[in-house]
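The lines below spell out each chain.
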Amino acid sequence: MKKISTIFTVICLLILLPSTANAQNRVAYFSYDEAMHAMPEYVTAQKNIASLRGKYTAEMKRAEDEFNNKYEEFLDGQRDFAPLILQKRQAELQELMQKNIAFKAEAERLLTQAEKNMMIPVHKKMKEVLRKIGMERHYAFILNTDNNACPYIDTTIADDITTIVKDALQ
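Residues numbered from 1 in each chain as written. Predicted model: local features only at pLDDT ≥ 70, side-chain atom pairs only at ≥ 80, totals over all residues. Heavy atoms only, no water.

- As annotated in an unreviewed UniProt entry, the chain carries the name OmpH family outer membrane protein and comes from Prevotella koreensis.
- Taken from UniProt, the Sequence similarities (unreviewed entry) comment for the chain reads in full: "Belongs to the Skp family." (UniProt positions renumbered as here; feature names shortened; annotations may be inferred.)

### As for the overall build of the chain
Line of reasoning, step 1. A count of helices and strands for the chain gives 5 helices and 3 strands.
Line of reasoning, step 2. Reading the chain from its N terminus to its C terminus gives the helix and strand order α-β-α-α-α-β-β-α.
Line of reasoning, step 3. When burial is assessed residue by residue, the chain has 26% of its 170 residues classed as buried.
Line of reasoning, step 4. For the chain, long-range pairs separated by at least 24 residues make up 85% of all intrachain contacts whose partners lie at least 6 apart in sequence.
Line of reasoning, step 5. Put simply, the chain shows about 12,000 Å² of open surface, and 57% of that area lies on carbon and sulfur atoms. (Helix = DSSP H or I, 4+ residues; strand = E, 2+ residues; numbered from the N terminus. Buried < 20%, exposed > 50% of the residue type's maximum accessible area, 1.4 Å probe, protein only. Contact = heavy atoms within 4.5 Å. Areas by Shrake-Rupley, 256 points an atom, 1.4 Å probe, with all protein chains shown as cover.)

### Observations concerning the packing of aromatic side chains
Line of reasoning, step 1. Applying the stated criterion to the full structure yields 5 aromatic pairs.
Line of reasoning, step 2. Aromatic pair Phe74 and Phe81: ring centres 6.4 Å apart, planes at 40°, arrangement tilted.
Line of reasoning, step 3. Under the relative-accessibility criterion, Phe74 is labelled buried at 6%.
Line of reasoning, step 4. What links up through ring pairs into an aromatic cluster is the set Phe67, Tyr71, Phe74 and Phe81. (Phe/Tyr/Trp six-rings, centres within 6.5 Å; stacked < 30°, edge-to-face > 60°.)

Spelled out as structure tokens, the structure:
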């Protein structure tokens, strides 16, 4: 979907660029990732995500250690267990392993959702700053140069506003 969006943007530019150049409109480009990484809000969001990830990782490690200890106890005593106790211990280990797998999957889902939620204000601020810069400087387009979206830009008719955007985001 992102590739289709990029292709559509490039086609629109090819069609509209000659008419916008004649109308004295200007084109700008910048690196979204570079500007975003310079935002204090981005740095804070990444720290919060890393902290949350650390908490989940610690809990997964604790659960894994608990499982390993119970498994070692099971291995040490399995020759001495009566058949019913052996089955019970095997069932406990299986249940504990399934709970750990489910917890890990849920933790990853929650981390992904938390990251998405923490980045919403960052992207919103970026859009507001770009809109403001675009209106103030009368840009017809502001292109994102990340991911090879624009392999060539004629710098004589387009402005690199990465620094301007980064400064505005501070």
